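# Working through the structure, step by step
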Amino acid sequence: MKKINIAIDGPSAAGKSTIARRLAKKLGYVHLDTGAMYRCVAFKARKLGIDWMDEAALTKMIQQTLIELKTDGTVFLDQQDVSQVIRSNEISMGASCVSMHEQVRAALVQQQQKMAENKGVIMDGRDIGTVVLKDAELKIFLTASPEARAQRRCLENAEKGLESDVQKITEEIRKRDWQDTHREHSPLIRAEDAKEVDTSNLSIDEVTEVILDLVKDACCQ
Ligand code: DC
C-alpha cells in the first residue's frame, strides 16, 4: 500500500493520541503528537519563569529549544525525558494558553511540516487538517461528548492509582474546549474534507477498525 499522511484533529481527551499510536503501529507509520510540543513550550516557560501570555519571550525561547518526539512515544525537551511531567493538569492549561499565540504556532507548525515531508506520518492535534498538513490524503476529526471524555480520564487516573473528581475534570475539559475553539489563530475546527468519527460509544479497537477502513480507501485513490 502506498504511504500517505494522516491528520487527526479533535478536542482534548477524545482519544486522538491513543488511536494514532495504535494506527501507527498497525500501519508501520510514524506517530507525531503535536500537543506534546505545545506542552513542552508551556513546561519550559514555567521553569524559566516566562509568562504564558508573553508571546515575544516564548517565541525567542522556542528558537533555543529542542523538542524531539521519539518513535516509542517518549518526548524529549532539550535532551531530557519529559514524557510524564508535561501531562499534569497545570501544563494542560499552560499548553492551551501558549497555543493561542500566532508566533508560537508558526514556529511549531514549521517544525511539524518538516517532520511529515517523507509521508507515512500520522499527526494528531487541533490544526493538522486545516493548517499543518492541508494536503494530507486522509483527515479525521475525532469527537466525543465532554462527559465521555471525562469518564475516560477518570479511568486512566484510576489505573495509575490516582483519585479524580469527574465533575471537575468535565469542567476543565469544557474550559479547554472553549479556549481551543475560540482562539483567534488556528482555532479547532473540522476541515471541510475531514471525516468525523464520534468515539463516545466506541471502544478503542472499534475506532481503530473504522479508521483503518478509511485508510484503505484513501490509499487506493
Ligand atoms: O492534544 P493535547 O491535549 O496534548 O494539546 C495540548 C494543548 O495544545 C491543547 O489545549 C491545544 C494545543 N494544541 C494546539 O493548539 N494545536 C495542536 N496542533 C496541538 C495542540
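All of the points below concern the structure found in this document. Keep in mind the model is a prediction, meaning the values are calculated, not measured.

## Comments concerning the overall build of the chain
- Along the backbone of the chain there are nine helices and eight strands.
- On C-alpha atoms alone, the chain measures out to a radius of gyration of 17 Å, which is about the 17 Å that the 2.2 N^0.38 rule sets for 221 residues.
- Along the longest, intermediate and shortest principal axes, the C-alpha atoms of the chain span 50 × 40 × 30 Å.
- The contacts in the chain between residues at least 6 apart in sequence include a share of 74% that link residues at least 24 apart.
- Surface accessibility of the chain: about 11500 Å² in total, with carbon and sulfur atoms responsible for 49%.
- Within the chain, one finds 32 positive and 35 negative side-chain charges whose respective centroids are separated by 3 Å.

## A short note on the nonpolar core
- By size, the foremost hydrophobic cluster in this structure holds 36 residues, and its most contacted members are V41, I67, L108 and M123.
- Taken together, the elements giving at least two residues each to this core come down to helix 2 (34–48), helix 3 (55–63), strand 3 (67–69), strand 4 (75–77), helix 4 (89–98), helix 5 (102–115), strand 6 (121–125) and helix 6 (128–132).
- Excluding residues that lie within four positions of it along the chain, L108 makes contacts with M37, Y38, V41, I62 and I67.
- I19, A24, L142 and I211 belong to the second-largest nonpolar core, a separate cluster that totals 20 residues.

## Details of the state of the cysteines
- For the structure shown, the criterion picks out zero disulfides.
- No disulfide involves C40; its nearest neighbouring cysteine sulfur is the one of C97, lying 16 Å away.
- Looking at C97, the relative accessible area reads 14%, which means it is buried.

## A few points about the side chain of R149
- As for its position among the elements, R149 is in helix 7 (residues 146–159).
- There is a polar contact of 2.9 Å between the side chain of R149 and the backbone oxygen of A144.
- With near-sequence residues (within four places) excluded, R149 lies in contact with P11, S12, A13, A14, A144, I173 and D177.

## Here's the deal with the site of the ligand
- Within the structure, the ligand sits among 15 residues, and R39, R105, R126, D127 and R183 are positioned closest to it.
- Between S99 and the ligand, the recorded distance is 3.5 Å, taken from a side-chain N or O atom to an oxygen atom.
- Measuring from an oxygen atom of the ligand, one finds a side-chain N or O atom of R105 at 2.8 Å.
- Computed on the free molecule, the ligand has an accessible area of 450 Å², of which 96% lies beneath the protein chains in the complex.
- If you list the elements that add at least two residues to the shell around the ligand, you get helix 2, helix 4 and helix 8 (166–182).
- Of all the elements, helix 2 adds the most residues to the shell around the ligand, at four residues.
- Residue composition of the shell around the ligand, grouped by class: three nonpolar, five polar and seven charged.

## Brief notes about the sheet that holds strand 6
- An order of 2-6-1-7-8 is seen for the five strands of this open sheet, with the pairing classed as parallel. Of all strands in the sheet, those with a lone pairing partner are strand 2 (30–33) and strand 8 (195–198), marking the two edges. Each adjacent strand pair in this sheet contributes to an overall mean axis angle of 20°, direction not counted.
- Of the pairings in the sheet, the one linking strand 7 (residues 138–143) to strand 8 comprises four bridges and is parallel in character. Each residue of the ladder has a partner; that of F141, found in strand 8, is E196.
- Taken strand by strand, helix 1 (residues 16–27) contacts strand 1 (5–9), strand 2, strand 6 and strand 7, and its axis lies near 180° from that of strand 6.
- Strand contacts of helix 2: strand 2 and strand 6, with the helix running at about 40° to strand 2, the strand carrying the most contacts.

Cut-offs applied
Residues numbered from 1 in each chain as written. Predicted model: local features only at pLDDT ≥ 70, side-chain atom pairs only at ≥ 80, totals over all residues. Heavy atoms only, no water. Helix = DSSP H or I, 4+ residues; strand = E, 2+ residues; numbered from the N terminus. Rg over C-alpha atoms; globule rule 2.2 N^0.38 Å. Contact = heavy atoms within 4.5 Å. Areas by Shrake-Rupley, 256 points an atom, 1.4 Å probe, with all protein chains shown as cover. Lys, Arg positive; Asp, Glu negative; His and termini not counted. Charge placed at Lys NZ, Arg CZ, Asp CG, Glu CD. Core = buried A, V, L, I, M, F, W, Y, C linked by side-chain atoms within 4.5 Å. Buried < 20%, exposed > 50% of the residue type's maximum accessible area, 1.4 Å probe, protein only. Disulfide = S-S within 2.5 Å. Polar contact = N/O pair within 3.5 Å; in protein donor to acceptor, adjacent residues only side chain to side chain. Near = heavy atom within 4 Å. Nonpolar A, V, L, I, M, F, W, Y, C, P; charged D, E, K, R; others polar. Pairing = 2+ DSSP bridges. Axes fitted to C-alpha atoms, helices over the stretch in contact; angles between N-to-C directions.

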